[in-house]
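# Analysis of the macromolecular model
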Amino acid sequence: MSIRNFAGGGVCALALLSALPVTAQQSDDNVVRNATDAFGLRVGTESIGLYDAGNVRGFSPDSAGNVRLAGLFISQQGSLSDRVVDATSIRVGLNTVGLLFPAPSGIADLSLRNPDRTGAEMRVGIDPRTSPFMELDTAYVAADGRFKLSAGVSARPDQNGAFGGDQRSWSAGFVPRWQVTEDVSVTGFADWDQMHDSEVVPNYLPDGPYLPPRVDQSVDHTLPWADWAYETENQGVVVDAGLMDGLTARAGLFRSVHRLPYDAFALLSVDQDRQGRMLHVLLPATRYAAWSGEASVAYEWVDGQTQQTISLAGRGLSKRSRKGGDVEVDYGPWAMDRRPDVAEPVVRFDQPQDRNEVKQHTLGLAYNLSWDGRLDLGAGVQKADYTKIARPGTGGEARGGSKPWLYNAVAAWRFDNGVIAYASYSKGLEESGSAPITAVNRNAVLPAVKTTQREAGVRTAVGPLTLTSSVFDVRRPYDGMDAGDRYGFLGEVRHRGVEASLSGEPVEGLSVVLGAVLLDPKVRGDEVERGLIGRRPVGQSRMQWQASLDYAPGIVEGLSVDMTVDHSAKTTARGDNLADAPAYTLVDAGLRQEFGLWGQEASLRAQVQNLFDSQGFFVEGDGEYEPMVGRTWRLSLTVRM
């Protein structure tokens with residue numbers, strides 16, 4: 001049985017009807033035209049949707065460990081660059097039907113570059129604040145199609161920040177693919193991404209339950225010696241094999257390392273008179289490294305109108321980190337509108353660093369049934385073995401772990417009128433956050449926690465458009481800072497809500513992607529009952545909607561215009577619920593012109609982001625705010641050879 005035949009038959013019928021948001025290799029980078037729902041898609045540097053890898057239904061797939069590469073479990077310590085990743089799609093709701101062991105709080109699914117022809121693509125342009133950049137991606141496809149290679153480099157020699165400072169970065173990567181036999185394929189990748197000399201911009205901490213004063217964007221709050229850098233490398237290999245008729249195997253092994261040769265954070269506490277204190281936290285070299293992977297075998301058989309698959313899969317993770325040993329530099333009273341002018345202090349990083357280790361192994365069995373193109377049933381059970389070892393720099397060792405049973409089940413039905421209805425339940429083991437620099441136990445890492453999700457939804461046609469909607473209930477322990485500014489578990493958080501997506505092409509040349517989510521987030525527990533924290537979790541908004549469109553009027557050949565309107569209701573900003581960041585609406589507009597240039601295909605892309613120069617704040621933590629970036633523009637030229 002060939003790999004191609006297995007890929008077509010091994011995924012249940014309704015999962016195919018779900019229309020995955022992105023193909024293995026995009027023919028263009030028009031994210032609106034490539035999206036099939038509003039739940040999140042990123043192609044290159046552009047993205048749309050209600051969700052992304054950092055936020056799905058109020059939780060972070062990236063932080064929770066719910067990232068997949070080519071459908072396989074991977075633990076990214078530093079993100080893979082666009083030189084190897086073609087697109088990132090958010091798998092949530094009906095788009096998880098047919099997945100092997102779906103995660104409760106959504107999955108960020110990465111697809112590797114997979115060229116269909118030999119050629120090259122060069123993109124040069126200006127990013128916001130006149131920051132030049134260059135990207136070169138090449139591809140080779142053998143005449144018989146059995147070997148493919150994607151390789152690329154990018155450089156941003158002077159990337160200017162929104163509130164002062166600049167940075168330099170580059171990335172490089174390659175993806176070889178080898179079809180060894182009709183039934184066996186091997187895909188590898190290697191990726192490097194580095195950034196240096198990035199001056200840190202402070203976040204703002206009001207002294208009381210109020211918003212920071214409006215930030216003057218003309219004031220540079222950075223210091224040339226208080227900067228940070230990172231170096232990330234990722235490598236891996238994926239093997240797909242057809243072992244015999246109906247029996248297939250997949251395996252992936254990945255290595256991810258993220259180093260920070262030097263690091264810094266900046267905080268500016270302020271009062272309503274624009275006065276405060278400036279604090280820098282300087283950190284010595286830190287390192288995060290992980291080996292992760294997944295291996296599975298699946299047997300599929302067909303009996304009349306019934307297709308059944310049974311899968312056995314194992315996932316593993318070994319992660320180590322070295323961090324801490326930071327030094328605080330307090331400048332004392334500081335006017336909010338004054339640029340820092342301080343000589344670099346003599347800092348000795350002589351404190352021992354914390355060393356943490358996480359090991360996790362999971363073995364699972366899954367069963368899927370598809371009948372007559374109408375019914376899909378799926379169920380899975382996993383046994384997890386999780387161990388965390390913390391070795392504080394001050395000495396000693398703390399060890400903890402758990403060995404929970406995890407479950408998932410789903411049922412979906414396609415009616416005669418084309419309506420698809422589904423319901424699912426899943427319980428997973430997910431990573432928790434780490435303590436922010438504003439906590440007294442800064443950098444402390446919490447253990448993994450059990451998360452449960454219940455959901456139900458429908459997909460149906462509305463004329464030429466597709467409507468997908470779901471109701472969901474996600475629950476897990478709530479991590480945050482208590483009244484004494486210590487970070488830890490404070491109770492249970494429940495995110496209950498409804499989401500909807502409407503997408504398609506209502507008239508020729510017009511693509512629309514509309515989405516909205518209504519969320520009712522609540523915290524329960526002893527801290528709430530005692531009045532020490534509020535019932536609304538920090539960083540959550542009750543409502544968000546987004547509307548994106550791309551229109552090719554046909555008046556000028558190759559011309560299209562696009563717009564995205566993104567709205568969020570007020571966001572809970574403090575654990576005591578005494579302050580909220582106000583609602584905001586951001587509008588981005590752009591155009592794309594395809595044309596010929598010296599016999600080659602070319603396109604010009606122009607964008608204005610935050611068109612109406614909206615001002616406000618994003619919530620970065622309990623009582624911690626990041627100012628919203630004002631109006632910016634971006635211009636790029638792409639030539640395909």
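Remember, it's a predicted structure, so these values are computed and weren't measured experimentally.

Attention now goes to the overall build of the chain. Scanning the chain from terminus to terminus reveals 5 helices and 37 strands. Relative to the compact-globule value of 26 Å for 641 residues, the chain shows a C-alpha radius of gyration of 25 Å, a close match. With the C-alpha coordinates aligned to their principal axes, the bounding extent of the chain is approximately 75 × 60 × 45 Å. Per-residue burial for the chain yields a buried fraction of 52% across its 641 residues. When contacts within the chain are restricted to residue pairs at least 6 apart in sequence, those whose partners lie at least 24 apart make up 66%. Taken as a whole, the chain presents about 27,600 Å² of accessible surface, with 56% of it coming from carbon and sulfur. With 63 positive and 80 negative side-chain charges, the chain shows a spacing of 5 Å between the two charge centroids.

With that settled, consider the side chain of Gln-353. Structurally, Gln-353 can be placed in the loop between strand S19 (327-335) and strand S20 (354-371). The class for Gln-353 is buried, based on a relative accessible area of 18%. A polar atom in the side chain of Gln-353 sits 3.4 Å from the side chain of Arg-322. Within the local environment of Gln-353, its side chain forms a polar contact with the backbone oxygen of Gly-324, the two atoms lying 3.1 Å apart. When residues no more than four places from it in sequence are discounted, the contact partners of Gln-353 are Pro-284, Ala-285, Thr-286, Arg-322, Lys-323, Gly-324, Gly-325, Arg-391, Pro-392 and Gly-393.

Within the chain, Thr-130 stands out as a residue other than glycine whose phi angle is a positive 50 degrees. Assignment of secondary structure puts Thr-130 in the loop between strand S7 (119-127) and strand S8 (131-141). Positive phi values are uncommon outside glycine, yet Asp-485 reaches one of about 65 degrees. With respect to the helices, strands and loops of the structure, Asp-485 is situated in the loop between strand S26 (465-481) and strand S27 (487-507).

In the sheet, S7 pairs with strand S37 (residues 632-640) via 6 bridges, with the strands oriented antiparallel. When the bridges of S37 are listed, Met-122 appears paired with Val-639. As paired strands, strand S34 (residues 600-609) and S37 are joined by 9 bridges and run antiparallel to one another. Each bridged residue has a counterpart across the sheet, and for Glu-601 the counterpart in S37 is Arg-640.

A regular strand carries its side chains on alternate faces of the sheet. Relative to S34, strand S33 (residues 584-597) runs antiparallel, the two being bridged by 9 bridges. When the sheet's bridge partners are listed, Gln-593 is paired in S34 with Leu-604. What sits between S33 and S34 in their antiparallel hairpin is a turn of 2 residues, with Trp-598 showing a positive phi close to 55 degrees.

Here we take up the confidence of the model for the chain. Counting all residues, the mean pLDDT for the chain is 91, and 96% of those residues have values of 70 or more. Segment residues 1-27: pLDDT under 50, and 75 contacts once partners within four positions in sequence are set aside and those in other chains are kept.

Counting residues in hydrophobic clusters, the biggest one holds 31 residues, and the most contacted among them are Tyr-51, Leu-69, Leu-80, Phe-189 and Phe-254. Among the secondary structure elements, those contributing two or more residues to this core are strand S3 (67-69), strand S5 (85-91), strand S6 (107-112), S26, S27 and strand S28 (510-524). Core analysis: the second largest hydrophobic core is formed by 23 residues, Trp-225, Ala-226, Ala-264 and Ala-266 among them.

With that settled, consider the sheet that holds S6. Taking strand neighbours across the sheet as the criterion, the 6 strands line up as S2-S1-S5-S6-S3-S4 in an open arrangement whose pairing is mixed. The outermost strands of the open sheet, each flanked by one partner alone, are strand S2 (46-48) and strand S4 (72-73). Here S5 pairs with S6 via 6 bridges, running antiparallel. Bridge assignment links Ala-87 to a residue of S6, and that residue is Ser-111.

The subject of this paragraph is the pattern of salt bridges. The tally for this structure, following the rule as stated, stands at 51 salt bridges. A salt bridge links Glu-357 to Arg-391; its shortest N-O distance comes to 3.5 Å. Linking Glu-357 in strand S20 with Arg-391 in strand S21 (residues 375-391), this pair joins segments that are 34 residues apart in sequence. Its relative accessible area of 7% is what places Glu-357 among the buried residues. Of the charged contacts, one joins Arg-536 and Asp-580 as a salt bridge, the two residues approaching to 3.1 Å between their closest N and O atoms. Linking Arg-536 in the loop between helix H5 (526-529) and strand S29 (543-551) with Asp-580 in strand S32 (residues 580-581), this pair joins segments that are 44 residues apart in sequence. Residue Asp-580 is classed as partly exposed on the basis of its relative accessible area, which comes to 22%.

Right, let's get into the packing of aromatic side chains. Counted according to the given criterion, the structure contains 10 aromatic pairs. Residues Tyr-584 and Phe-618 carry aromatic rings whose centres are separated by 5.5 Å and whose planes lie at 85 degrees to one another, so their mutual orientation is edge-to-face. On the criterion of sequence distance, the pair formed by Tyr-584 in strand S33 and Phe-618 in strand S35 (residues 617-621) is long-range, its members being 34 residues apart. Directly above the ring of Trp-334 sits Arg-338, whose terminal nitrogen or CZ lies 4.3 Å from the centroid.

On to a nonpolar patch on the surface. Side chains of Leu-243, Met-244, Val-297, Tyr-299, Ile-310, Leu-312, Leu-363 and Leu-365 sit close together on the surface and give an oily, nonpolar patch of about 710 Å² of accessible area. Residue position: Met-244 is located in strand S13 (residues 227-244).

With that settled, consider the environment of Val-32. One can find Val-32 in helix H3 (residues 31-34). For Val-32 and Val-124, which are 92 residues apart along the polypeptide, the C-alpha to C-alpha distance reads 22 Å. Non-local contacts of Val-32, meaning those with residues more than four positions away in its chain, are made with Ile-48, Ser-511, Val-513, Ser-548, Leu-549 and Asp-550.

Glancing now at the environment of Ser-63. With respect to the helices and strands, the residue Ser-63 is situated in helix H4 (residues 61-64). Judged by relative accessible area, which is 46%, Ser-63 ranks as partly exposed.

Reading the values: the criteria
- Note on numbering: residues in each chain are counted from 1, in written sequence order.
- Given that this is a predicted model, residues contribute local features only at a pLDDT of at least 70 and side-chain atom pairs are listed and counted only at 80 or more, while totals for whole chains, interfaces and linings are drawn from all residues.
- Computation of side-chain values covers all heavy atoms of the structure but excludes hydrogens and water.
- Here a strand is any run of E in DSSP of at least two residues, a helix any run of H or I of at least four, and the numbering for each starts at the N terminus.
- As a reference, a globule follows 2.2 Å times the number of residues to the power 0.38, and the radius of gyration itself is taken over C-alpha atoms.
- The classification of residues rests on relative accessible area computed with a 1.4 Å probe and restricted to protein chains. Under 20% of the type maximum is buried, over 50% is exposed, and intermediate values are partly exposed.
- When checking whether two residues touch, look at their non-hydrogen atoms; a contact exists if any pair is within 4.5 Å.
- The protein chains shown are the only cover counted for residues, whose accessible areas, like all others here, come from Shrake-Rupley with a 1.4 Å probe.
- Charge assignment: positive for Lys and Arg, negative for Asp and Glu; neither His nor the chain ends contribute.
- Where a charge lies is defined by one atom per residue type: Lys uses NZ, Arg uses CZ, Asp uses CG and Glu uses CD.
- Here a polar contact is recorded for every N or O atom pair within 3.5 Å, except that within protein the pair must consist of a potential hydrogen donor and a potential acceptor, and residues adjacent in sequence are included only if both atoms are side-chain atoms.
- Pairing between strands is defined by DSSP: at least two bridges between them are needed.
- A score from 0 to 100, pLDDT tells how confident the predictor is in each residue.
- By nonpolar core is meant a set of buried Ala, Val, Leu, Ile, Met, Phe, Trp, Tyr and Cys residues that side-chain atoms within 4.5 Å join together.
- By convention in these notes, a salt bridge is any Lys or Arg side-chain nitrogen within 4 Å of a carboxyl oxygen on Asp or Glu.
- Only centres within 6.5 Å qualify two rings of Phe, Tyr or Trp (six-membered ring in Trp) as a pair; their planes then separate them into stacked at under 30 degrees, edge-to-face at over 60, and tilted for everything else.
- Definition used: whenever NZ (Lys) or CZ (Arg) falls within 6 Å of the ring centre and also within 35 degrees of the ring normal, the charge is taken to sit over that ring.
- What makes a patch is a set of residues exposed beyond 30% relative accessible area and free of salt bridges, joined within 9 Å when like-charged and within 5 Å when nonpolar (Val, Leu, Ile, Met, Phe, Trp, Tyr).

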